[in-house]
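Understanding the architecture of this molecule
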Amino acid sequence: MILSQFIKPESVMIDLPAPSKTKLLRSLSDQAALALDLPADDIFQAIHNREKLGSTGVGEGIAIPHAPVPGLETPFGMVIRLKKPIDFESIDDIPVDIVCLLLMPGQSSTTYLNVLASMARKLRSPKVVKSIRQAVLTEQVYTALCDEAA
């Protein structure tokens with residue numbers, strides 16, 4: 001799946017301050033709710049419930065919180081580089097500074113897995129991760145993630 005199908009340039013943020021994992025997820029839920037015209041509480045609850053199953057901190061300072069959200073028609077993604085890394089209860093205990101929020105329609109597990117796999121594959125590239133961490137502009141983060149040649 002092509003990341004630019006569900007991540008838009010306006011869904012990228014850099015140097016976002018976040019005091020904690022919960023406050024970050026609440027803030028991202030609020031932002032996603034505005035973009036999707038869905039209740040922020042529904043989005044937060046979906047992400048929070050997924051995190052209760054186990055942290056979506058995948059290691060090396062990266063987290064990919066994801067969840068199906070009632071009422072969502074198509075996959076939606078946000079990419080955030082935090083101002084300072086935060087504890088995300090990641091598998092390697094390294095604080096997280098790159099967060100990719102993925103919200104999915106509930107009905108298609110194939111689409112869900114394809115979107116999640118596409119993002120995880122892209123973030124395994126040291127070149128992409130380095131570009132995200134060094135970016136000065138949100139457009140640079142977007143290009144690093146969504147450039148199919150990268």
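Residues numbered from 1 in each chain as written. Predicted model: local features only at pLDDT ≥ 70, side-chain atom pairs only at ≥ 80, totals over all residues. Heavy atoms only, no water.

A few points about the overall build of the protein
A count of helical and extended segments in the protein gives 5 helices and 6 strands. Helices (α) and strands (β) of the protein occur, in sequence order from the N terminus, as β-α-α-β-β-β-β-β-α-α-α. Computed over the C-alpha atoms, the radius of gyration of the protein is 14 Å, within 12% of the 15 Å expected from 2.2 N^0.38 for a compact globule of 150 residues. Projected onto the principal axes, the alpha-carbon positions of the protein cover approximately 35 × 30 × 25 Å. Relative to its 150 residues, the protein shows a buried fraction of 47%. When contacts within the protein are restricted to residue pairs at least 6 apart in sequence, long-range pairs at least 24 apart make up 68% of them. (Helix = DSSP H or I, 4+ residues; strand = E, 2+ residues; numbered from the N terminus. Rg over C-alpha atoms; globule rule 2.2 N^0.38 Å. Buried < 20%, exposed > 50% of the residue type's maximum accessible area, 1.4 Å probe, protein only. Contact = heavy atoms within 4.5 Å.)

A few points about helix α3 (residues 109–123)
With 15 residues, α3 ought to run about 21 Å at 1.5 Å a step, and its terminal C-alpha atoms sit 21 Å apart, in line with that. Listed as buried for α3 are Tyr112, Val115, Leu116, Ser118, Met119, Lys122 and Leu123. Across the axial projection of α3, the buried residues extend over an arc of 155 degrees, all falling on one side. Seen from the buried face of α3, the exposed residues on the opposite side, beyond 90 degrees, are Ser109, Thr110 and Leu113. Check the buried side of α3 and you find it contacts β1 (7–16), β3 (62–63), β4 (66–68), β6 (96–104), α4 (126–134) and α5 (138–146). (Expected span 1.5 Å × (residues − 1). Arc of directions from axis to C-beta.)

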